[in-house]
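Each chain is listed here by its residues.
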Amino acid sequence: MENSENSFSFPSIHNFPPFYTLQPTQTTWQNQAALWSEIILSYYRHHKLYRLNLSESLNSDLFNLNSQGIRRKLKLDTLQAIIDTMVYRGTAEWDPPSKKDSAIIYWRKPEDWANLINNWVLETGMSNSIVTVYEIAHGDSAEGFEFHGLDQTILMKALDILVKKGVAQIFQGTSTDDMGVKFFGVNG
């Protein structure tokens, strides 16, 4: 797949009309779900997206084929089944879990985000410093790092991992953005 800053190049399977219909054979369906999962993860990584609203996204180029007079669209129940597969594999999470209309997409798992944030702390000399959650996700010192602009839910999961590893401590604030995080400068 060739990526430029703004365009995403879909793999050739994306132009195959039967790809948009839930396949009745279990083996074929598993392969189809795996391919869709790879496309969703790649697309979301490329565009730095984290949340998938199923109803809204069904009209996007990601889930539509409109090529050479052929029009196909993924159905909501098929997309839900694909996301269920991703949840099972740990690359997505229903949000909220009780409804299947929105999901968090983990193109990088919270453990990996935690490692990137901890490496940033060590590289930038922030050991034994306190920064706000907002500064981690949107601050000048985080600019240029892959976690800059990270979804708040994913960021909090990553920070919780660092707390459990004993490399950070979270201090409550009046909102999530102004919560403080102290990093102990330990390689977790």
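Keep in mind that what you see is a predicted model, and the values were worked out from it rather than measured.

Visitor: Teacher, can you tell me more about the sheet that holds strand β4 (residues 92-94) here?
Guide: The strands making up a sheet associate through backbone hydrogen bonding, with each pair oriented either parallel or antiparallel. Within the open sheet, the three strands sit side by side as β1-β5-β4. Their pairing is antiparallel. Each end of this open sheet is capped by a strand with a single partner; those strands are β1 (51-53) and β4. Along the sheet, successive strands turn relative to each other by an average axial angle of 25°, direction set aside.

Visitor: Explanation requested: the nonpolar core in the structure shown.
Guide: The tendency in soluble globular proteins is for nonpolar side chains to be buried side by side. Counting 56 residues, the largest nonpolar core has I40, I83, I105, I117, I136, L159 and F183 as the members making the most contacts within it. Looking at this core, the element that brings in the most residues is helix α1 (residues 26-47), giving eight residues. When residues of this core are assigned to domains, at least three map to each of domain 1 (12-105) and domain 2 (110-183). Residues within four places of I117 in sequence aside, it is in contact with I136, F147, L155, A158, L159, L162 and F183.

Visitor: Would you mind going over the environment of K48 with me for this structure?
Guide: Turning to its location among the elements, K48 is positioned in the loop between α1 and β1. Considered as a pair, K48 and D77 are 29 residues apart in the sequence and their alpha carbons are 25 Å apart. Apart from the residues lying within four places of it in its own chain, the contact partners of K48 are W107, F145, E146 and H148. Among the polar contacts made by the side chain of K48, one reaches the main-chain carbonyl oxygen of H148 at a distance of 3.0 Å.

Visitor: What is the right way to read the packing of helix α4 (residues 110-123) against helix α6 (residues 152-164) from this model?
Guide: A pair of packed helices is characterised by two quantities: the angle between their axes and the separation of those axes. Close contact between α4 and α6 brings their axes to 8 Å; oriented N to C, the two are set at 70°. As far as their axial angle goes, α6 and α4 are roughly perpendicular. Only I154, L155, K157, A158, L159, I161 and L162 of α6 make contact with α4, whose side of the interface consists of P110, E111, W113, A114, I117 and N118. Residue classes in the contact of α4 with α6 are distributed as ten nonpolar, one polar and two charged.

Visitor: Just to check I follow, could you spell out the domain arrangement of the protein chain for this structure?
Guide: Frequently, the measure chosen for interface size is the accessible area removed from exposure when the parts meet. Under the domain assignment, the protein chain is made up of domain 1 (12-105) and domain 2 (110-183). When each unit is reduced to the centre of its C-alpha atoms, the spacing between domain 1 and domain 2 is 30 Å. Taken together, the seven residues of domain 1 in the interface contact ten residues of domain 2. Around 600 Å² of area is buried between domain 1 and domain 2 when both sides are counted, 48% of it from carbon and sulfur atoms.

Visitor: I tried to follow the packing of aromatic side chains on my own but got confused; where do I start?
Guide: The geometry of an aromatic ring pair comes down to the distance between the two centres and the angle between the two planes. Under the criterion given, the structure shown has 14 aromatic pairs. The interplanar angle of 50° and the centroid separation of 6.1 Å between the aromatic rings of Y43 and Y44 together place this pair among those described as tilted. Classification of Y44 by relative accessible area gives buried; the value is 5%. Look at Y50 and W113: their rings are 6.4 Å apart centre to centre, the planes differ by 65°, and that puts the pair in the edge-to-face class. Here W113 lies in helix α4 and Y50 lies in the loop between α1 and β1, a separation of 63 residues in the sequence. Accessibility assignment for this pair places Y50 and W113 in one class, buried. One aromatic cluster is present, formed by F8, F10, Y43 and Y44 through successive ring pairs. The ring of W113 carries R108 above its face, with NZ or CZ at 5.2 Å from the centroid.

How each quantity is defined
In this numbering scheme, every chain counts its residues from 1 along its sequence in written order. The predicted nature of this model means local features are confined to residues of pLDDT at least 70 and side-chain atom pairs, given and counted, to a pLDDT of 80 or more, with totals for whole chains, interfaces and linings taken over all residues. To obtain the side-chain values, all non-hydrogen atoms of the structure were used and water was disregarded. Pairs of strands are assigned from DSSP output, requiring at least two bridges between the strands. In DSSP terms, a helix is any run of H or I states spanning at least four residues, a strand is any run of E spanning at least two, and both are numbered starting from the N terminus. Between N-to-C directions, angles span 0 to 180 degrees; the directions come from axes that are lines fitted to C-alpha atoms, helices contributing only their stretch in contact. Side-chain atoms within 4.5 Å are what join buried Ala, Val, Leu, Ile, Met, Phe, Trp, Tyr and Cys residues into a set we call a nonpolar core. Buried, partly exposed and exposed residues are distinguished by accessible area as a fraction of the type maximum, computed with a 1.4 Å probe on protein chains only: under 20%, between the cut-offs, and over 50%, respectively. Marked domain ranges trace back to an automatic or database domain assignment. Whether two residues are in contact is decided by their heavy atoms: any pair within 4.5 Å suffices. Whenever two N or O atoms come within 3.5 Å, that pair is a polar contact, provided that in protein one can donate a hydrogen and the other can accept it, and provided that, for residues adjacent in sequence, both atoms are side-chain atoms. For classification, angles of less than 35 degrees are called roughly parallel, those exceeding 145 degrees roughly antiparallel, those between 65 and 115 degrees roughly perpendicular, and all remaining angles oblique. Note on residue classes: Ala, Val, Leu, Ile, Met, Phe, Trp, Tyr, Cys and Pro are nonpolar, Asp, Glu, Lys and Arg are charged, and everything else, Gly too, is polar. By buried area we mean how much accessible surface two parts lose on assembly, using a 1.4 Å probe and totalling the loss over both. Note on ring pairs: Phe, Tyr and Trp rings are taken, using the six-membered ring of Trp, and paired if centres are within 6.5 Å. Classes follow the plane angle, with under 30 degrees stacked, over 60 edge-to-face and the rest tilted. We call a charge positioned over a ring when the NZ of a Lys or the CZ of an Arg lies within 6 Å of the ring centre and within 35 degrees of the ring normal.

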